[in-house]
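Architecture at a glance
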Amino acid sequence: MTQRAKIDTGGGGIEAAEPPVVHHPAGLTSAEVAERVARGEVNDVPLRSSRSTTDIVRGNVFTRFNAIIGVLWVIMLVVAPIQDSLFGFVIVANTGIGIVQELRAKKTLDGLAVIGEAKPTVRRDGRAAELSTSEIVLGDLIELGPGDKVVVDGVVAEADSLEIDESLLTGEADPVVKRPGDRMMSGSFVVAGGGAFTATKVGREAYAAQLAEEASRFTLVHSELRNGISTILKYVTWMMIPTAIGLVISQLVVKDDNVKDAIARTVGGIVPMIPEGLVLLTSVAFAVGVIRLGRKQCLVQELPAIEGLARVDVVCLDKTGTLTEGGMDVTELRTLDGGDETYVRKVLGALGESDPRPNASLQAVIDAYPDTVEWRCTESLPFSSARKYSGAAFSEGNGENSTWLLGAPDVLLKADHPALTEIDHLNQQGLRVLLLARTSHELDSPEVAADARPTALVVLEQRLRPDAADTLAYFAEQNVATKVISGDNAVSVGAVAGKLDMPGAADTVDARTLPTDREEMAKVLDENAIFGRVTPQQKRDMVAALQSRGHTVAMTGDGVNDVLALKDADIGVSMGSGSEATRAVAQIVLLNNSFATLPSVVAEGRRVIGNITRVATLFLTKTVYSVLLAVLVVCSQVEYPFLPRHLTLLSTLTIGVPAFFLALAPNKERARPHFVRRVMRYAIPGGVIAAAATFTTYLLARHHYSGTGALQAETSAATLTLFLVSMWVLAIIARPYTLWRLTLVATMAGAFLLVLVVPWLQDFFALKLVGVTMPWTAVAIAAAGALLLELTWRWVDHRFPA
């Protein structure tokens, strides 16, 4: 079979000179493979689906705040009773929980990654077999077909109309035709045709592996949540340093006769400034999300992709493989202009035989019309999403030669052709129609489709996914716009969407009429939902146009024509049965090929974002009131009211334990932007009110109590006020109330009450309410603080809506 150039590359692509490579048509022998393995010439780049165990442990243990708390913990172990060192044990437990959860998530990710891993076809000893990419050795002969990813660098050995997309490497939009001897670079993929290439660089020497060294596959997508928390922690650190220095100096001056007690109270002021559990709970929430989605056969290749999909307000769907199942059935063959049906069947059978890697449409033709004649294919033109048709030239064995095209009728026929009326009628029923046409031109001619003579219509029926309608309804309820972007006829796509009760299905747009101006295109996209005859480059342009209007765009797809759009979308979602290229660029892979899994991913993202926003408010309220209390103590030149044990108790009951449950609870609230602003608009007034109420109680108690044990009585009264105000913060954060949320708040309150009434707990935590006047005064001040907090937060909601 001859190989002819189908697309003028115009000098595009990567065509560098390679040293001569000896190609073995049968591939390497087993002995040669063993020899190369022994020499270490193996594609040993590890599959990075998740962080390594070492990275997980290092990331959880060696943090800025763990270092600060570790130093303070050692100091407290030396100068104070064990009760004042409890905060250190809490940090150890938290870090351990974080490591365990991330390791569980890693196990889930790695298990799913093996399922979704690309398995290239390698020819050895004359036989082709699918192997893991890590089993490829130098000199292996690797076969390629449409949608296959080039996994190592090499040189083309065989080419059958082989067209490679190198846009992910070079930015060159047009496919590059490859011929024997041309260079192949890992990271590119096949868009049409087939062939084989010999591996010349494997492992870390391959181009894609070098890119991966700089930015591994686990590089995180943009995460407002992660970036917001980093911003908050940066400001907290700068705020802590001068406050802590002032507190150290003031306490040493005030308690110059008791250095150990001064140190203990200084540490008691510094520790609660650190929102150490916030980072931990964010990691745990993401990790649990990965585990939950993993059970539904959803591979999240980048953790914050869960968050990203929750923020999505436009989902672009490819019809084939998403709304419909991959397979199709031929329901009718209609000959045109008195054509001979028997002869047409022979042509279709031969066309099917001419393509070694048929797409879904051609596979349906092959199933319906198996090849029964000895026609010889002299040249072939593989199907391309950009062309919308395929073709082949035959020697029919009786001295006759013929050239045929099979593809989109509205591309192969002129706009006024009478057959299009019949085709439109079929499309309106949701049927897919292919046109078989005979051409007198050479397949490599730019005019190959000009004056093509229509011979027959092949009518295909697509199988709707049983869960597609429910999924579309879910997105409609959640105010997420859905756009069907397909290469098929727009009317046919609209009919399929109509069967699924998709809003806007009646209004269809032929993408060939779309304006090229981005702003104009965005306007058309906002006003319509169904788009047909979309080229791969247009899919990419449409994603960019939607993003230009501030939309967060998710793109789903399974075909090689979806790769560029998947890569550019905010979130790319690939089907597990999709091409290797689509799985490689997508952040989320639905291994069960079920579009119905998407609502679960959206719900998981909303759970993570909504819950982390809740618990962040708890943690940062504590940071604000801790800093303010320290400032007030420095300015007033009084002893810091709390020992570390008091704030460990408060943090555990009002933040630590409740936050853990709240972070993992169900939450269907739609994700909203401006994470930092939304958290701080509650945390700052909450912290200010808590600090003011607590310090007021402390000052009143200092005037009320005197003599031995006065400081402990003052601390107890201040602790009671701070606990009650903090509990009110928790009560507001826990809304809307459910039975388990009310039980959680009540249990925390009961635990504190237990500490106040059980003698040995009173001694352990140095908490004992003395008299009647001051404890009730503390309660009254806390009640006033809680009321002010309620009113302030309501005013903030009204004045500064998120």
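All of these numbers come straight from a predicted model, not from anything done at the bench.

This part covers the overall build of the protein chain. Each helix and strand counted, the protein chain has 27 helices and 21 strands in total. Expressed along its principal axes, the backbone C-alpha trace of the protein chain runs to roughly 120 × 65 × 40 Å. For the protein chain, buried positions account for 57% of its 802 residues. Counting contacts in the protein chain only where the partners sit at least 6 residues apart, residues at least 24 apart contribute 74% of the total. On the protein chain, roughly 32,500 Å² of surface is accessible, and the fraction owed to carbon and sulfur atoms is 58%. Looking at charge distribution, the protein chain has the averaged site of its 73 positive side-chain charges lying 9 Å from that of its 87 negative ones.

The sheet built from 8 strands is open, its strands ordered 8-21-20-19-9-16-18-17 with mixed pairing. The sheet is open, and its two borders are formed by strand 8 (298-300) and strand 17 (508-510), each paired with just one other strand. Across the sheet, the mean angle from the axis of one strand to that of its neighbour is 20 degrees, orientation sign disregarded. With 3 bridges connecting them, strand 9 (residues 314-317) and strand 19 (residues 553-557) associate as parallel partners. Paired with Val314 across the strands is Val553, a residue of strand 19.

Attention shifts here to the nonpolar core. Counting 88 residues, the largest nonpolar core has Phe87, Ile612, Val615, Leu618, Phe675 and Phe752 as the members making the most contacts within it. Counting residues per element, this core draws most heavily on helix 21 (residues 598-636), which supplies 12 residues. With residues up to four places along the chain from it excluded, the contact list for Phe675 reads Glu224, Leu225, Gly228, Ile229, Ile232, Ile612, Thr613 and Ala616. In terms of nonpolar packing, the next biggest core, distinct from the first, is built from 37 residues, Leu293, Val480, Leu500 and Ala505 among them.

Another aspect to go through is a nonpolar patch on the surface. A grouping of Trp238, Ile241, Ile245, Val248, Ile249, Leu252, Val253 and Val259 is seen on the molecular surface, where their side chains present a nonpolar patch of about 760 Å² in accessible area. With 7 residues, helix 7 (residues 224-254) is the single largest residue contributor to the nonpolar patch. The topology assignment puts Ile241 in helix 7.

Our focus in this paragraph is the packing of helix 9 (residues 276-294) against helix 21. Axis angle and axis distance: for two packed helices, these are the angle between their axes and the distance between the axes, and together they describe the pair. Their axes nearest at 10 Å, the elements helix 9 and helix 21 cross at an angle of 165 degrees. Here helix 9 is positioned roughly antiparallel relative to helix 21, judged by the angle of their axes. Of the two elements, helix 9 crosses helix 21, and the hand of that crossing is right-handed. The residues of helix 21 that touch helix 9, namely those facing Glu276, Gly277, Leu278, Leu281, Thr282, Ala285, Phe286, Val288, Gly289, Arg292 and Leu293, are Ser600, Val601, Glu604, Arg607, Val608, Ile612, Val615, Ala616, Phe619 and Lys622. Looking at the contact of helix 9 with helix 21 residue by residue, the class counts come to 12 nonpolar, 4 polar and 5 charged.

Taking 1.5 Å per residue as the helical rise, helix 24 (residues 710-733) with its 24 residues ought to reach 34 Å, and the 35 Å between its terminal C-alpha atoms agrees with that figure. Burial within helix 24 is extensive, with 21 of its 24 residues counted as buried.

Our next topic: the packing of aromatic side chains. Using the criterion set out here, one finds 12 aromatic pairs in the structure. Aromatic pair Tyr474 and Phe475: ring centres 5.7 Å apart, planes at 70 degrees, arrangement edge-to-face. Taking the relative accessible area as the measure of exposure, Phe475 reaches 3% and is therefore buried. Centroid distance Phe695 to Tyr698: 6.1 Å. Interplanar angle 55 degrees. Geometry classified as tilted. Of this pair, Phe695 and Tyr698 both sit in helix 23 (residues 675-704), 3 residues apart, roughly one helical turn. Phe695 sits in the buried class, given a relative accessible area of 7%. Through pairs of rings, three or more aromatic residues link up here, namely Tyr343, Trp375, Phe394 and Trp404.

Moving on, we get to unusual backbone geometry. A cis geometry characterises the amide bond from Arg735 onward to Pro736, with omega recorded as -5 degrees. Along the polypeptide, Pro736 turns up in the loop between helix 24 and helix 25 (739-757). In this model, Asp451 sits at a positive phi of 60 degrees, which is unusual for a non-glycine residue. Mapped onto the fold, Asp451 is located in the loop between strand 14 (432-439) and strand 15 (453-464). Given the relative accessible area of 58%, Asp451 is considered exposed.

Okay, the pattern of salt bridges next. This model, assessed by the stated rule, comprises 27 salt bridges. Arg39 is paired through a salt bridge with Glu35; the nearest N and O atoms lie 2.8 Å apart. With Arg39 and Glu35 both in helix 1 (residues 30-39) and 4 residues apart, this pair spans about one turn of that helix. Residue class for Arg39 comes out partly exposed when judged on its relative accessible area of 48%. On the accessibility criterion, Glu35 (43% relative accessible area) is partly exposed. Here Arg681 makes a salt bridge to Asp797, at a shortest N to O gap of 3.5 Å. Here Arg681, found in helix 23, pairs with Asp797, found in helix 27 (residues 773-799); they are 116 residues apart in sequence, far enough to count as distant. A relative accessible area of 12% means that Arg681 is categorised as buried.

This part covers the side chain of Arg645. The topology assignment puts Arg645 in helix 22 (residues 644-663). A relative accessible area of 7% places Arg645 in the buried class. Only 2.7 Å separates the side chain of Arg645 from the side chain of Asp84, close enough to count as a polar contact. A polar contact is formed between the side chain of Arg645 and the backbone oxygen of Phe764, at a distance of 3.4 Å. Those residues in contact with Arg645, other than ones at most four positions away along the chain, are Pro81, Gln83, Asp84, Asp763, Phe764, Phe765 and Ala766.

Mapped onto the elements, Lys178 comes out in the loop between strand 5 (176-177) and strand 6 (183-184). On the basis of relative accessible area, Lys178 is assigned to the buried category, the value being 2%. A polar side-chain atom of Lys178 sits 2.8 Å from the main-chain carbonyl oxygen of Arg183.

This part takes up helix 14 (residues 419-427). Listing the buried residues of helix 14 in full gives Ala419, Leu420, Ile423, Leu426 and Asn427. Considered in projection along helix 14, the buried side chains sweep an arc of 115 degrees and stay on one side of the axis.

The next subject is the pairing of strand 7 (residues 189-201). The buried count for strand 7 comes to 11 of 13 residues, which makes it a mostly enclosed element. Strand direction decides the pairing type here: strand 4 (residues 153-165) and strand 7, joined by 10 bridges, are antiparallel. Bridge assignment links Val155 to a residue of strand 7, and that residue is Thr198.

Before going further, it helps to spend a moment on the confidence of the model for the protein chain. Averaged over the protein chain, the pLDDT score is 83; the fraction of residues at 70 or greater is 91%. Low pLDDT, under 50, characterises residues 1-19; the predicted model gives this stretch 51 contacts beyond four residues in sequence or across chains. In this model residues 212-220 is a low-confidence stretch, pLDDT under 50, and it forms 18 contacts with partners more than four residues away in sequence or in other chains.

Of the two faces of strand 1 (residues 121-124), the one carrying Thr121 and Arg123 and the one carrying Val122 and Arg124 are both buried. Here 3 bridges tie strand 1 to strand 3 (residues 141-144), and the two strands are oriented antiparallel to one another. Counterpart to Thr121 in the pairing with strand 3 is Glu143. Looking at chain direction, strand 1 and strand 2 (residues 127-130) are connected through 4 bridges and run antiparallel. For Val122, the partnering residue across the bridge sits in strand 2 and is Ala129. Taking the residues that link successive antiparallel strands as the turn, the strand 1-strand 2 hairpin has 2 residues, and the phi of Asp125 there is positive, at about 55 degrees.

Criteria and cut-off values
- Residues numbered from 1 in each chain as written.
- Predicted model: local features only at pLDDT ≥ 70, side-chain atom pairs only at ≥ 80, totals over all residues.
- Heavy atoms only, no water.
- Helix = DSSP H or I, 4+ residues; strand = E, 2+ residues; numbered from the N terminus.
- Buried < 20%, exposed > 50% of the residue type's maximum accessible area, 1.4 Å probe, protein only.
- Contact = heavy atoms within 4.5 Å.
- Areas by Shrake-Rupley, 256 points an atom, 1.4 Å probe, with all protein chains shown as cover.
- Lys, Arg positive; Asp, Glu negative; His and termini not counted.
- Charge placed at Lys NZ, Arg CZ, Asp CG, Glu CD.
- Pairing = 2+ DSSP bridges.
- Axes fitted to C-alpha atoms, helices over the stretch in contact; angles between N-to-C directions.
- Core = buried A, V, L, I, M, F, W, Y, C linked by side-chain atoms within 4.5 Å.
- Patch = residues over 30% accessible without salt bridge, like charges linked within 9 Å, V, L, I, M, F, W, Y side chains within 5 Å.
- Salt bridge = Lys/Arg side-chain N within 4 Å of Asp/Glu carboxyl O.
- Parallel < 35°, antiparallel > 145°, perpendicular 65-115°, else oblique.
- Left-handed = near helix turned anticlockwise from the far one by under 90°.
- Nonpolar A, V, L, I, M, F, W, Y, C, P; charged D, E, K, R; others polar.
- Expected span 1.5 Å × (residues − 1).
- Phe/Tyr/Trp six-rings, centres within 6.5 Å; stacked < 30°, edge-to-face > 60°.
- Polar contact = N/O pair within 3.5 Å; in protein donor to acceptor, adjacent residues only side chain to side chain.
- Arc of directions from axis to C-beta.
- pLDDT = per-residue confidence, 0-100.

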